[in-house]
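# Descriptive structure summary
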Amino acid sequence: MLIRFLLRIAAMFWLGLTAYAQAEKVDERILLTFIPNVQFAPFYVGIESGYFADAGFNVSLEHLQEPEVLDLVAVGQANYGIVSGEQVILARSRGRDVVYVFEWFQQYPVGLVHNRALDLSDLDDLRRMTIGIPGRFGASYSGLTTLLGSAGLSEDDINLREIGFNAPEVFCLGAVDAAIVYVNNEPLQIQHLASKGDCGAVSAVDVVTVSSQVDLVSNGLIVSGAYLEDAPDAVERMTRSLGDALRTAINNPAYAYLASLKHVDSLPADESLVSALEAAADGQVEFLASDPDRDAIAKSRQQLEADLTERFDGAMLTQFRVLLNTIELWDAEYLGYSDLASWKAMRDTLESLGYLENEAGDLRDAFTNQFIAGRDE
Amino acid sequence: MRKKSHDNTENRKDAARVAAALCPVSPLLTVGCLLLAWQWISAREFISHILVPPPAEVYQAFIDSLADGALVKHASVTLEEMLYGLLLGVGVGLLIGYAIAKAPLLESILSPIIVAFQSTPIVAYAPLLVIWFGSGIASKIVTTAVIVFFPTLVNTIVGIRSVSPNLRDLMRSLKAGRWQMFRHLEAPSALPVILAGLKTSTTLAVIGAVVGEFVSQGSGLGYLVTSARNLYNTPLVVVAVLTMTAISLSLYGLVAYVEWRFLVWRRRPSL
Amino acid sequence: MKLSLRELSVSFRDPDGRAFSALGPISFEVAAQQFVCLVGPTGCGKSTLIRVLAGLLPATSGSARCDGELISRPMDQFAIMFQDANLMPWRTVLDNIALPLEIDGVPRASRYETVRALLPQLHLGNFEASYPAELSGGMAQRVALGRVIVQAPRVLLLDEPFGALDALTREKLSLDLLRLRQRNVQTIIMVTHDISEAVLLADRVLVMSRRPGTLVEDIAVELPRPRRSHMIYLPEFLRLAKRVRESIETLNSL
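Residues numbered from 1 in each chain as written. Chains lettered and ligands numbered in written order. Predicted model: local features only at pLDDT ≥ 70, side-chain atom pairs only at ≥ 80, totals over all residues. Heavy atoms only, no water.

## Digging into the overall build of chain B
Rules: Strands are runs of DSSP state E lasting at least 2 residues, helices are runs of H or I lasting at least 4, and numbering of each runs from the N terminus. The globule rule used here is 2.2 Å times the number of residues to the 0.38 power, and the radius of gyration it is set against is calculated over C-alpha atoms. Each residue is placed in one exposure class: buried if its accessible area under a 1.4 Å probe, protein chains only, is under 20% of its type's maximum, exposed if it is over 50%, and partly exposed if it falls in between. Residues count as neighbours in contact if any of their non-hydrogen atoms are within 4.5 Å of one another.
When helices and strands are counted, chain B shows eleven helices and zero strands. Taken from N to C terminus, the helices and strands of chain B fall in the order α-α-α-α-α-α-α-α-α-α-α. Computed over its C-alpha atoms, the radius of gyration of chain B comes to 24 Å, more than 25% above the 18 Å expected for a compact globule of 271 residues. Considering only C-alpha atoms, chain B reaches an extent of 80 × 70 × 30 Å along its principal axes. Classification of the 271 residues of chain B by burial places 41% in the buried group. Contacts in chain B between residues at least 24 apart in sequence constitute 70% of all its contacts with a sequence separation of at least 6.

Structural data, given as structure tokens:
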């Protein structure tokens, strides 16, 4: 009798607690670009591991085109979005009041993929080459312009061909000498084709990254100016939980991949790979308990890749490799921090492209590092 | 004093006359009302200017894009793609349509392919067309041709098949040859249906061209939309979209005029 | 031109692929310049017979010949007139009548001249630029008649040409046809379901049986020519009309 009574009290208490917890959680949409993909692993980690929930958010993810993400955040139809820094500068020059609060990609993800046999240690050798690009827009075009500018070249010095998002096919057909790509993805696909002998005379590729030449501001979290003013504490919780999720994804890629499986349909995952990753994720948790430094963690990632390469074929691991490559673009000592210089470099690029008809305004209003832990502005 | 019933007929006639006079103007009235509503909505800021730019800004963007030649340049690229695409798609549609109408065997061979092709949205395989035909004007011409092909094909088949069998007998009894059969019977008989198909095709042509331009960029109104959108120049996006509408409506009007001019016999009997 | 039919029969296939007989076997001859009317119950194969003679439909067995030549395709100097006017709606009256000349390659000026000379006789003088949609049924049928006349045929096949018209118009058109024939006498085979019309126009009335149509009676009409509309009151006319009617009614009562 007493036990049943106590149980009932406990149940009521428990129900009340969960109801309280649920009432506390706010539904938030985070608008992303592209399509569900392993490259968004930090957001999947944030949802699956409860970082967002602990910060009081019930997060759902949506994928839109970059300008749509930005405008919906600007008009307050969503509070959070992920866009690249150039979009922030362009949109602010056209009257959108958005603020960049967390730099997700520390390195600009664009680069130039080329045949390894082609020595490109001097970028001046790009002169008169045929270079493929998705189109004269977006991060690819800004990246190319910056890359050329850093070598003292301009678009007129090369033969630029718009090829859509078909770089692997077009490059391997030999229609272009080099292609502007996202460094974490297409080079892997091209390398995969090349190792199968499906890429013409090319047997191996190299990438010249934009970030190796110039530090450009890259993808990050934006909010509207009004929201930032109204709810700075919410923004603080969101950036902190995203930072935690990002750090977890960087430190434990096997776990990040597993967390992505629920969100990305086409991710390769047969039982043996899943169990291997589960074991690796558990092992990594133990390893992390010993408080290793960033270099040690980076080495652990390389070791994991090497281990998996022995056991699984290339197609099965391609997406995991994309994740590992992308982690290299995220990793930094202070996650989320963006540098005024990288904003200026981006603005210069946009200006040289003639994209800034209106005044860009003070770049220091475009972003803030106020929520970045451990590093003061 | 007129009788009341007489009065009524007069009134009705007056009303009819007013309606007839309004007929050419009424589309303009609709457009005028829409413009007013647009101005009112943006003046009151029911919707953010970021999403719906006010008419004045759009007009300014129109003037600017005319002045720097961008609008004319992109519009003429799109128009060129549409015209070549129409030429190709309608041409092939007419030929295959005629062949199918005359040879039912050919229909049973080709129709699975054609129906499969048609029931797949163009947006889905436009990227493939760009890979196959390159990112230049050719892929957009092909995209346009593919989209205008089907209405032409169907209308050609329907048109040729609906040729009166009695008139066929008449032509045979006059010992008309194949060409005369085509020239004097099949072509004029199928023309109204084919022109109706062409009207549909012209409105679809702009979709084909713009979808192609969306997939691989460079020039054209579809490119102007994307690039203006990427630069957050919403007024220019609206200008580009309205220009597409204008081009599409003009071509439609042109075909309607051709119809009116050449199908004199289809106009209401003047008796 | 003389026509002769020998054991002519036509059969079709129904949608299930079964053959059914539509006409014959039927045999008769038509002397040159004779006017023969075919009467018989609906669906007895009269129109089928006309189509075989026009060379538009092959005989299943037996033969139809013209001056000894087998009819297997549209013959020279044959013209056919259909149940409805069968005009091309996109052509004006002038161009509809001129169609046979155009097919024959007659230059525009000369074919228009020919047709314009014909229009007054057809009572179409003011309608050369009209389209078929603007014409009454009688006018449309006169255009069709004009289209036959410009062919100057020696054999004329008429498939109930006035069937869709009211009685007065049809009588007027029949007599127009006879008047035009006086200038250029042709062999005529005409299908009709109007007994008076048959007796008034023809030299012979052939009565056909129900499907598959065969010849049941061959009635010679010995009324003087030119025929006039008042002849329908002559005792001889009435006797012949009665005979045709009885012949058909016997069939219907079977």
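Text resumes after the structure shown.
## Quick notes on the arrangement of the chains
There are two pairs of chains in contact here, and the one with the most contacts is chains B and C. Separated without contact, chain A and chain C have their nearest C-alpha atoms at a distance of 50 Å.

## Quick notes on the sheet that holds strand E6 (residues 130-133) of chain A
All names here are of chain A. Which entries qualify depends on this criterion: We call two strands paired when DSSP finds no fewer than two bridges between them. All axes here are fitted lines through C-alpha atoms, helices being fitted over the stretch that makes contact, and every angle between N-to-C directions spans 0 to 180 degrees.
Within the open sheet, the five strands sit side by side as E7-E6-E8-E5-E9. Their pairing is mixed. Because the sheet does not close on itself, it has two edges, and the strands there are strand E7 (159-162) and strand E9 (205-209). Strand-to-strand twist across the sheet, computed as the mean angle between neighbouring axes with direction ignored, equals 30 degrees. With five bridges connecting them, strand E5 (residues 110-115) and E9 associate as antiparallel partners. What sits directly across from Val 113, in E9, is Val 207.

## Some thoughts on the interface of chain C and chain B
The cut-off we apply is this: By convention, the term buried area covers the 1.4 Å-probe accessible surface removed from two parts as they join, with the contributions of both added. Just to be clear on terms, a salt bridge is a Lys or Arg side-chain nitrogen sitting within 4 Å of an Asp or Glu carboxyl oxygen.
Between chain C and chain B, the contact holds 24 residues from the first and 21 residues from the second. Carbon and sulfur atoms supply 64% of the area buried between chain C and chain B, which totals about 2,100 Å² over both sides. Counting across the chain C and chain B interface gives two salt bridges. Linking Lys175(B) and Asp76(C) is a salt bridge whose minimum nitrogen-to-oxygen distance equals 3.9 Å.

## Brief notes about the side chain of Asn230(B)
Position of Asn230(B) among the secondary structure elements: in helix H10 (residues 221-230). Sequence-distant contacts of Asn230(B), defined by excluding residues within four places in its chain, comprise Pro67(A), Gln87(A), Leu90(A) and Phe137(A).

## Overview of H10(B)
Of all the ten residues making up H10(B), ten are buried; the element is thus mostly covered by neighbouring parts of the structure. The set of residues buried in H10(B) consists of Leu221(B), Gly222(B), Tyr223(B), Leu224(B), Val225(B), Thr226(B), Ser227(B), Ala228(B), Arg229(B) and Asn230(B). Among the structural elements, helix H4 (66-74) and helix H5 (85-93) of chain A together with helix H4 (70-102), helix H9 (178-215) and helix H11 (234-262) of chain B are those in contact with the buried residues of H10(B). Once H10(B) ends, the next one or two residues include Tyr232(B), with phi positive near 60 degrees.

## Some points on the interface of chain B and chain A
How big an interface is tends to be stated in terms of accessible area lost as the parts join. Rule in force here: Polar contacts, as used here, are pairs of N or O atoms within 3.5 Å; protein pairs need one atom able to donate a hydrogen and one able to accept it. Residues neighboring in sequence count only if both atoms are side-chain atoms.
Counting residues at the interface gives 15 residues for chain B, matched by 20 residues for chain A. Between chain B and chain A lies a buried interface of about 1,800 Å² when both sides are counted; carbon and sulfur atoms form 57% of it. Linking chain B to chain A there are two salt bridges. Residue Glu68(A) is joined to Arg229(B) by a salt bridge in which the shortest nitrogen-to-oxygen separation is 2.7 Å. For the pair chain B and chain A, the interface holds six residue pairs in polar contact (both at pLDDT 80 or more).

## What about the confidence of the model for chain B?
Operational definition: Each residue carries a pLDDT score, the predictor's own confidence in it, on a scale running from 0 to 100.
Confidence in the prediction for chain B averages 85 pLDDT; 92% of positions are at 70 or higher. For chain B, the element scoring lowest by mean pLDDT is helix H1 (residues 4-22) of chain B, at 66; H4(B) scores highest, at 93.

## Structural notes on H9(B)
Our working rule: Working rule for helices: expected span equals 1.5 Å times residues minus one. Note on bend: at a given residue it equals the angle between the axes fitted to the 7 residues ending there and to the 7 starting there.
The end-to-end C-alpha distance of H9(B), which contains 38 residues, comes to just 44 Å, noticeably less than the 56 Å that a straight helix rising 1.5 Å per residue would cover. Leu191(B) marks the point of greatest bend in H9(B), at about 50 degrees, and the proline Pro192(B) comes within the next four residues.

## Points about the domain arrangement of chain B
The condition that has to hold: Start and end points for every domain follow an automatic or database-based domain assignment.
Under the domain assignment used here, chain B contains domain 1 (2-44) and domain 2 (55-266). Look at where the C-alpha atoms of domain 1 of chain B and domain 2 of chain B centre, and you get two points 34 Å apart.

## Focus on the environment of Lys344(A)
Residue and element names in this part refer to chain A. One can find Lys 344 in helix H15 (residues 340-352). The exposure class assigned to Lys 344 is partly exposed, which follows from its relative accessible area of 40%. Considered as a pair, Lys 344 and Asp 215 are 129 residues apart in the sequence and their alpha carbons are 9.6 Å apart.

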